[in-house]
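Take a look at the letters that make up each chain.
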Amino acid sequence: MASWRWLTVVVVMAAGWMPAAAAAQTASGSDKALATRIEGRLKDSPTLKRDHITVAVAGGVVTLTGRVGTAVQSARAAALSKVTGVSRVDNKLKIDPALARSP
């Protein structure tokens, strides 16, 4: 009889873990979709398409890294990153005046 109790506990615990695992996979998929969408928006921007900006998304929080030529470009990249599903944008872009150029 004790082995049945143990099995019941294992089944209940497994059932409790399944939704969390599924939620983690969904969040990961959502994060990837957000990153892809933001990367596309940055590449479509005439002032940013030639810059090398890395987009990372974790739990709906976007982190931008890389270098741009001006503070205006940095602000533009952050603005383009604020899409539905994003809770926060951490703009860690470095300003490198040597990269500044006309649009």
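Up top you'll find the structure we're talking about.
Residues numbered from 1 in each chain as written. Predicted model: local features only at pLDDT ≥ 70, side-chain atom pairs only at ≥ 80, totals over all residues. Heavy atoms only, no water.

Engineer: Give me the lowdown on the overall build of the chain, citing residues and values where you can.
Structural biologist: In terms of helices and strands, the chain carries two helices and four strands. A total of 103 residues make up the chain; the buried ones form 27% of that total. Of the contacts made within the chain by residues no fewer than 6 positions apart, 64% connect residues no fewer than 24 positions apart. In the structure as shown, the chain presents an accessible area of about 6,900 Å², 64% of it carried by carbon and sulfur atoms. (Helix = DSSP H or I, 4+ residues; strand = E, 2+ residues; numbered from the N terminus. Buried < 20%, exposed > 50% of the residue type's maximum accessible area, 1.4 Å probe, protein only. Contact = heavy atoms within 4.5 Å. Areas by Shrake-Rupley, 256 points an atom, 1.4 Å probe, with all protein chains shown as cover.)

Engineer: Summarise the pairing of strand β3 (residues 88-91); cite the residues concerned and give the values.
Structural biologist: Relative to β3, strand β2 (residues 61-68) runs parallel, the two being bridged by four bridges. Note on β3: the bridge partner recorded for Thr63 is Asp90. In terms of handedness, the path from β2 via helix α2 (residues 71-81) over to β3 forms a crossover that is right-handed. (Pairing = 2+ DSSP bridges. Right-handed = clockwise from strand over helix to strand, strands pointing away.)

Just geometry here; none of it tells us what the structure is for.
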